[in-house]
Amino acid sequence: MATDTVTALRHKFMAVALVALASALLIIFAALNILNNALATQRIDSVITVLYDHNGTFPKDWKEHGPRYKKGALQTRSEMPYETRYLVAEFDRDRSITELDTSHIAPLGQTEARSAVTGVLAQDLESSYYQRYRYHVYTEDDGSGMIIVVDCFQQLQSSRTLLIISVALIGATMLGTLLFITPLSRRVVDPYVRNLERQRRFVTDASHELKTPIAIIAANTDLIEATEGQSAWTKSTRAQTERLTKLTSELIELARSDQPIARELCRDVDMAALVEGAVNEFAPLAEAGDKTLVYHVQTAEGAGLRDEGAGEWRPLVSGSPEELTRLVNVLLDNAVRYCDDNGTIDVRLEVRRREVELVVTNPCAALTVADTRRLFDRFYRADASRSRSTGGNGIGLSIAQGIVTRHKGSIHARKLGVDLEMRVVLPRR
């Protein structure tokens, strides 16, 4: 298998593993930090409630209840009154400060305390954080009330430290996992790679081996017709040998679809000229089946690339001319074969600044939305009886997908009412 494909498989495995691990870690640490902040806030609010219930002070019997004290949802040590830094302010109905007690928050002077309380009142919230403080505003019926502000520096510092530790642990875990799964990815991908390599070799070898008996059958048929004349049996044999010859060629091409394009085979391909030439070739076939084939080009503003000699824009794509021709032929052949009777096949080339889009649309009422999801599966035929009548093998679109992938593009199929749309996007040179 091509090195690029193996590398892509390894990178995909590593990406999936890292994304899964990162998602789990983010959920765990986010829940941990949110829960920690919620509990810290609940604890501070319980302290504020106790202070309000006792008119801005801790109850005198706090330290008489042993090493731990429980008051409603609050359970803490009896040293809490000596560890909590807070201020209490009272305001009138005009929300002007009438009393301010800063005796329990020594580092904060009267001026700074008054500024903090004014900022709290300006927020016009009942309870929230202001800088490093947690506050609650209690308003009486007459508009006056009390504000209790608690310094939460230690709690906020602890929450910030937990957040930093969480981020550091996530980073360290991701780095360690990356170093671990990098060599492991080789072992995980190797069986899949070996299996695909065996399949590719089998298809290639079997296809080459089939060429010899098919050639012998064709030669024998020619000999029979030369000696005994042409008959229905020889016609049938010749038709089947031609079908087998085409099938073996497609199998060999399909087996090579995962290999990168050799640099010496890459050229600047004018997609407008290539598609126009293919449309001209398929137009008589479409007309013979009472179908209409139309082609037009749409160019976004500023997307054209001018040829200095001819003075005309050319949508150039870097790639193999033979493979890109094969891609267009597969799409047009598929559209002509399976277009509904008297239908119109619309071929549109959309030229943009950085990409070229080839859109082929044809009515195909028998095709379902579920079928479009499997059109690129190897040997899949949405309507087996109809495919046999049109000579389809279910390989063409798989080959087209391989060609597009080799050219670093994308191909998609979707159902638009009764129409089937095939859209190919290729990067411009």
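Let me begin by describing the structure that accompanies this report. (Residues numbered from 1 in each chain as written. Predicted model: local features only at pLDDT ≥ 70, side-chain atom pairs only at ≥ 80, totals over all residues. Heavy atoms only, no water.)

### As for the overall build of the protein chain
When helices and strands are counted, the protein chain shows ten helices and 14 strands. Taking all 429 residues of the protein chain together, the buried fraction comes to 38%. Across the protein chain, the fraction of contacts at a sequence separation of at least 24, relative to all contacts at a separation of at least 6, is 64%. When the accessible area of the protein chain is evaluated, it comes to approximately 24,800 Å², of which 54% is carbon and sulfur surface. (Helix = DSSP H or I, 4+ residues; strand = E, 2+ residues; numbered from the N terminus. Buried < 20%, exposed > 50% of the residue type's maximum accessible area, 1.4 Å probe, protein only. Contact = heavy atoms within 4.5 Å. Areas by Shrake-Rupley, 256 points an atom, 1.4 Å probe, with all protein chains shown as cover.)

### Examining the sheet that holds strand E14 (residues 419-427)
Taken together, five strands build an open sheet; the order of strands is E9-E11-E12-E14-E13 and the sheet is mixed. Every interior strand has two partners, whereas the edge strands, strand E9 (292-299) and strand E13 (410-416), have only one. Strand-to-strand twist of the sheet, defined as the mean angle between neighbouring strand axes without regard to direction, takes the value 15°. In the packing of helix H6 (residues 271-288) onto the sheet, the strands contacted are E9, strand E11 (344-351), strand E12 (355-363) and E14, and the crossing angle to E9 comes to about 165°. Along the sheet, helix H7 (residues 321-338) contacts E11, E12, E13 and E14; its crossing angle with E12, the most-contacted strand, is approximately 20°. (Pairing = 2+ DSSP bridges. Axes fitted to C-alpha atoms, helices over the stretch in contact; angles between N-to-C directions.)

### Focus on the environment of threonine 49
Within the fold, threonine 49 resides in helix H1 (residues 3-53). We classify threonine 49 as partly exposed; its relative accessible area is 36%. On a C-alpha basis, the gap between threonine 49 and isoleucine 148 in space is 9.1 Å, while along the polypeptide they are 99 residues apart.

### Details of helix H10 (residues 396-406)
Taking burial as the measure, the eleven residues of H10 include eight buried ones, the bulk of the element. If you check which residues of H10 are buried, you get Leu397, Ser398, Ile399, Ala400, Gly402, Ile403, Val404 and Arg406. Immediately beyond the C-terminal end of H10, within one or two residues, lies lysine 408, with a positive phi of roughly 60°.

### Re a nonpolar patch on the surface
A cluster of nonpolar side chains, namely Leu175, Leu178 and Leu179, defines an oily patch on the protein surface of about 290 Å² accessible area. Mapped onto the elements of the fold, leucine 179 is located in helix H4 (residues 153-228). Owing to a relative accessible area of 60%, leucine 179 belongs among the exposed residues under this scheme. (Patch = residues over 30% accessible without salt bridge, like charges linked within 9 Å, V, L, I, M, F, W, Y side chains within 5 Å. Salt bridge = Lys/Arg side-chain N within 4 Å of Asp/Glu carboxyl O.)

### Quick look at the packing of H6 against H7
At a minimum axis distance of 10 Å, the contact between H6 and H7 shows a crossing angle of 35°. Remark: the crossing between H6 and H7 carries right-handed chirality. Here Met271, Leu274, Val275, Ala278, Val279, Phe282, Leu285 and Ala286 of H6 lie close against H7, whose contacting residues are Pro321, Leu324, Thr325, Val328, Asn329, Leu332, Asp333 and Val336. A breakdown of the residues in the contact of H6 with H7 according to their chemical character gives 13 nonpolar, two polar and one charged. (Left-handed = near helix turned anticlockwise from the far one by under 90°. Nonpolar A, V, L, I, M, F, W, Y, C, P; charged D, E, K, R; others polar.)

### Observations regarding the sheet that holds strand E3 (residues 86-91)
The strand order E4-E3-E7-E6-E5 describes an open sheet built from five strands, whose pairing is antiparallel. What marks the edges here is a single partner per strand, and that holds for strand E4 (97-101) and strand E5 (127-130). In this sheet, adjacent strand axes meet at a mean angle of 20° when their direction is disregarded. Relative to strand E7 (residues 145-151), strand E6 (residues 133-139) runs antiparallel, the two being bridged by seven bridges. Bridge pairing links valine 137 to isoleucine 147 in E7. Running at roughly 125° to E4, helix H3 (residues 110-123) makes contact with E3, E4, E5, E6 and E7 of the sheet.

### Side note on the nonpolar core
Within the largest apolar cluster, 45 residues are counted, with the highest numbers of intra-cluster contacts made by Met271, Leu327, Leu331, Val347 and Leu358. Where this core is concerned, the elements lending two or more residues are H6, H7, E11, E12, H10, E13 and E14. Ranked by residues supplied to this core, first place goes to H6 with nine residues. The contact partners of leucine 327, leaving out residues within four places of it in the chain, are Ala400, Ile403, Val404, Val424 and Leu426. (Core = buried A, V, L, I, M, F, W, Y, C linked by side-chain atoms within 4.5 Å.)

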